[in-house]
Amino acid sequence: MPAILCPNCHKLISDDEPRCPLCGQIRPGMFGLAQWMRRFGVNVDFPHLITITCVSLFLLALILDLSAVMQPRDMMSILEPGGMASIRVGMTGKLPVLGGFAYNGYYDRGGRWWTVITAIYLHGSLLHILFNMLWVRQLGPVVEQLFGTYRLFIIFTVAGVTGFVASVMMGNLHTLGASGSIFGLLAAAIVYGRKRGSALFTRQFLQWAVLMFVFGLIMPGIDNWAHGGGFGGGYVTAWLFSRQPDDREGIGTYLLAGICLLATVGAFVLQFFASIDL
C-alpha cells in the first residue's frame, strides 16, 4: 500500500488514511493530491518559472506595438513597450482599476481589479526586466530554501498584490513590475533572520532593502508605494509562516498556493477577454 508523509506531522502513514493516526489530521492524503503536490513542488523551479513568465509577457507586449519599441528616448527606455500595449497585457494603476482618461485622450473605463495580479509579471523596459529578474534569481532560491517552494510562491504573490493595492490607493495612474514582490522576498528573509536570532543574516538583507528603497527615491519613475506595500505584505505573510519553529509546508500551504495559482491564471484569462474591448 502506498505511503506518504503526513503534511501536518510529517510522519510516514498510508496514503488512504481518513485521519492521521498520529496527529489527527483529516484526509492527510487529500485524496492523492498531497503526494502529487509535494512531488510537483520538488520538481518545479519557481524562480525559473517566474522568469520565463515575465520574459514571455514582456516579448508579447513588445510585439503588440513594434512602432513604440523603435523609438527609445534614452537608455532607460530601450525596448519599452507602448502604453496601450502594456494596458492590454495587464498593467495596473488607478486608471485600469478605477477608470479615467489615459493615453491621447483615451478614456479607460477601469474596473479591471485583477490587474493588481497580472502587473506583477509585466515590465516597462529591457533594463527594468533585467534588473528585476536578477533579483528574482538571487532572492527566490534563498526564500525557497528558508520557507519552502509553495510558501515562496505565496509570499511573491501576496507581496505583489499588496504593493499594487497600495500604489492604486495612493493615486499612481499606471504601474507594473515585479519590484513589489521582490521587496516581499527581502522582507521574508529579514523575518527569518529575526526569528532565528541571526543578526548578521538580518543586517545583510535589511541593507539590501534600504539600498533599493533609496535607489527608488533617487531614480525617476519608480513606484515606491508598490515597494513599500510589497515589503509590508511580504513581512506579514512570512511572519505568519514562521510562527512555529521548524514549521513545514502542509495542507494549508498547498491550498493557499493553489488559490494563488488559480487567482493568477484567472486574472490573465479575465485580462484577455477585457483586452478585446480596449
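Residues numbered from 1 in each chain as written. Predicted model: local features only at pLDDT ≥ 70, side-chain atom pairs only at ≥ 80, totals over all residues. Heavy atoms only, no water.

## Details of the overall build of the protein chain
And then number 1: Along the protein chain, the regular secondary structure elements total 12 helices and 4 strands.
And then number 2: Classification of the 278 residues of the protein chain by burial places 47% in the buried group.
And then number 3: Surface summary for the protein chain: the accessible area is close to 14200 Å², and the carbon and sulfur share equals 66%. (Helix = DSSP H or I, 4+ residues; strand = E, 2+ residues; numbered from the N terminus. Buried < 20%, exposed > 50% of the residue type's maximum accessible area, 1.4 Å probe, protein only. Areas by Shrake-Rupley, 256 points an atom, 1.4 Å probe, with all protein chains shown as cover.)

## What to know about a nonpolar patch on the surface
And then number 1: On the surface, a cluster of nonpolar side chains totalling about 610 Å² of accessible area is made up of Leu261, Val265, Val269, Phe272, Phe273 and Ile276.
And then number 2: Along the polypeptide, Val265 turns up in helix 12 (residues 251–275).
And then number 3: Take Val265: its relative accessible area is 47%, and that puts it in the partly exposed class. (Patch = residues over 30% accessible without salt bridge, like charges linked within 9 Å, V, L, I, M, F, W, Y side chains within 5 Å. Salt bridge = Lys/Arg side-chain N within 4 Å of Asp/Glu carboxyl O.)

## Thoughts on the nonpolar core
And then number 1: The biggest cluster of nonpolar side chains holds 56 residues, and the ones touching the most others in it are Tyr121, Ile155 and Phe156.
And then number 2: Looking at which element gives the most residues to this core, the answer is helix 9 (residues 179–196), with 9 residues.
And then number 3: Every residue in contact with Ile155, bar those within four places of it in the chain, is listed here: Val143, Phe147, Gly184, Leu185, Ala188, Gly234, Thr237, Ala238 and Phe241. (Core = buried A, V, L, I, M, F, W, Y, C linked by side-chain atoms within 4.5 Å. Contact = heavy atoms within 4.5 Å.)

Geometric values such as these leave the question of function open.
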